[in-house]
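Structural features, examined
So the chains spell out like this:
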Amino acid sequence: MFNNLFKRKKSKQDEKTLENYLLDAIDHFESGNFLEAADQFTLIAQSYPSHPLANLMLGRAYIHEKKYDHAIDAFFEHLKSAPNSLEALINLGLAYYECGELGLALERFEQALKLHSNSIMVRENIAITKLASGELNSALDILVSLHEENPDDMTIIELLILTYGKLGKWDTAKRYIAKMKNSGLALGL
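Notes on the structure follow. Only a predicted model underlies this, so the values are computations on that prediction, with no experimental measurement involved.

**So, the packing of aromatic side chains**
Following the criterion strictly, the structure yields two aromatic pairs and no others. Judged by centre distance (5.2 Å) and plane angle (75°), the rings of F29 and F34 are edge-to-face.

This is how it looks when you write it as structure tokens:
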């Protein structure tokens, strides 16, 4: 029925049906049924290539399904209609990271950083990517800056400990561990 809906001239009733279909797709996504969500977002994206959510959510569903090549394609489709989509750039970077394409991941995270220079998430992802690619000192610089801004952020502290350890700076890593214990924060490494 939904396929026939898109072949006809679109009316107000069709738009309401599209909205309901989109809500169903989002409900599948939020329920963790990513395969069904991907199928529904695909149908919407095929019928409405510029829909503001269809390709973005399709890419996110594919990431959950570990179909990173499909996710990358969906995010690029989304970026055609929304070239400054911070969420698409971050997710595109994550998909590239999961594919082991660290250079491409870093490019996307840096592109996102140009759009939103204060984003902790983007800066943290850049640090993680640099850490994974062996750029330890560069990752450390970012993490130290993030820690100064957010001294109680456990993820940042754990990444600092990991980075100091990889750099062989065990005494500094131990100081962060002691600081965490003294402040009552739990270490989740």
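**Remarks on the pattern of salt bridges**
Taken as a whole, this structure holds four salt bridges when the rule is applied. For E77, the salt bridge goes to K80, with nearest N and O atoms at 2.8 Å. With E77 and K80 both in helix α5 (residues 68–81), this residue pair falls three residues apart, about one helical turn. K80 sits in the exposed class, given a relative accessible area of 63%.

**Quick word on the side chain of H51**
Along the chain, H51 turns up in the loop between α3 (34–47) and α4 (54–64). Sequence-distant contacts of H51, that is, excluding residues within four places in its chain, are made with L18, L22 and I44.

**Quick look at the environment of A74**
On the secondary structure map, A74 appears in helix α5. Each C-alpha atom of the pair A74 and A61 lies 9.9 Å from the other, and the pair is 13 residues apart in sequence. Ignoring sequence-local partners within four residues, the contact set of A74 consists of N55, L58 and G59.

**Structural notes on unusual backbone geometry**
In this structure, K66 is a non-glycine residue whose phi angle is positive, near 60°. Along the chain, K66 turns up in the loop between α4 and α5.

**Description of the environment of F34**
Considering the arrangement of structural elements, one finds F34 in helix α3. Linking F34 and A61, residues 27 residues apart in sequence, is a C-alpha distance of 5.1 Å. If we skip the residues at most four places from it in the chain, F34 touches H28, F29, A61, H64 and E65.

**Some thoughts on the nonpolar core**
In terms of nonpolar packing, the biggest core is built from 56 residues, with F29, F41, F75 and L160 touching the most fellow members. Excluding residues that lie within four positions of it along the chain, L160 makes contacts with L140, L143, V144, H147 and Y176.

What counts, and at which threshold
Residues numbered from 1 in each chain as written. Predicted model: local features only at pLDDT ≥ 70, side-chain atom pairs only at ≥ 80, totals over all residues. Heavy atoms only, no water. Phe/Tyr/Trp six-rings, centres within 6.5 Å; stacked < 30°, edge-to-face > 60°. Salt bridge = Lys/Arg side-chain N within 4 Å of Asp/Glu carboxyl O. Helix = DSSP H or I, 4+ residues; strand = E, 2+ residues; numbered from the N terminus. Buried < 20%, exposed > 50% of the residue type's maximum accessible area, 1.4 Å probe, protein only. Contact = heavy atoms within 4.5 Å. Core = buried A, V, L, I, M, F, W, Y, C linked by side-chain atoms within 4.5 Å.

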